[in-house]
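# Fold and contact review
In case you want the letters, here they are:
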Amino acid sequence: TTLSQFEIVLVGPEAVPIAGTTISGDSNDWQADITHGYADDPVEIEIQATANGEVLDSVFIVLAGSMPSPQNPLTTLLQPLPGSQIGGDTVQVAGLTARIDQIRVELRQPDGTVMSAQSVQVYNPQQSDIIPWTADLNLTDYRGTANIVVHFDDDLTESVQIDIVDAAG
């Protein structure tokens, strides 16, 4: 079935619409620029394609407020928060970066011993854009205080202290 019109809606936390636009025409090739005006901290939102009040498809992204492009390399950690208690097999790490093509994310014991590490390629063709990234670090049998460290070119850029605990259950 070909639709002659459908809507693209940016849906924020608590199902609150942030912005949207209507796509018209019979072509399967389309694109849309949606001015959203969102200016707060990065947040996960859902992009929905809807027609006649029905969600046809959706995808989740991170939306961040507009800010000037940094002049120097930048990496920041968004998740996990300092002091988080993490249990299970992995810890998901998320952050933002600019002017960097690759970062290394490590899970370290307090003495600096690396327990798990992942290199993350950041696709940033403009180099000035602020780009979200994620990494999944495997947890070991270690329990206690640990540090998640992010660096590039051997420069430490960010770290956060967490507590690794037994998984609930």
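As the structure is a prediction and not an experimental result, all values here were calculated from the model. All residue numbers refer to positions counted from 1 along the written sequence of the respective chain. Selection of residues for local features in this predicted model requires a pLDDT of at least 70, selection of side-chain atom pairs for listing and counting requires 80 or more, and totals for whole chains, interfaces and linings are taken over all residues. Side-chain calculation: all heavy atoms of the structure are included, whereas hydrogens and water are not.

Below, the discussion takes up the sheet that holds strand β4 (residues 54–63). Sheet architecture is open: four strands sit in the order β2-β1-β3-β4, paired in antiparallel fashion. Two strands in the sheet have a free side with no partner beyond their single neighbour: β2 (17–24) and β4. Between one strand axis and the next, the sheet turns by 20° as a mean value, whatever way the strands run. Where strand β1 (residues 5–11) meets β2, seven bridges bridge the pair, whose relative direction is antiparallel. Residue Leu10 lies in a different strand from β2, and its bridge partner there is Ala19. Note on pairing: DSSP must find at least two bridges between two strands before they are called paired. A run of DSSP states H or I qualifies as a helix once it reaches four residues; a run of E qualifies as a strand once it reaches two. Both are numbered from the N-terminal end. Fitting a line to C-alpha atoms yields each axis, with helices limited to the stretch in contact; the angle taken between N-to-C directions then spans 0 to 180 degrees.

Turning next to the layout of surface pockets. The method works on a 1 Å grid over the protein atoms by themselves. A cavity is a set of points holding a 1.4 Å probe that cannot get out, a pocket is an open set with protein on both sides within 12 Å along at least five of seven lines, and residues with an atom within 4 Å of a point line them. Grid points are joined across faces, edges and corners, and a volume is the space filled by probe spheres set on the points. If you add up the space inside the second largest pocket, you get close to 310 Å³. Lining the second largest pocket are 15 residues, and of these Glu44, Val62, Leu78, Gln79 and Ala94 sit closest to its centre. When contributions to the lining of the second largest pocket are tallied by element, the ones reaching two or more residues are β3 (43–51), β4, β5 (74–79), β7 (90–98) and β10 (131–138). The classification used treats Ala, Val, Leu, Ile, Met, Phe, Trp, Tyr, Cys and Pro as nonpolar, Asp, Glu, Lys and Arg as charged, and all other residues, Gly among them, as polar. Taken together, the residues that form the lining of the second largest pocket break down as eleven nonpolar, three polar and one charged.

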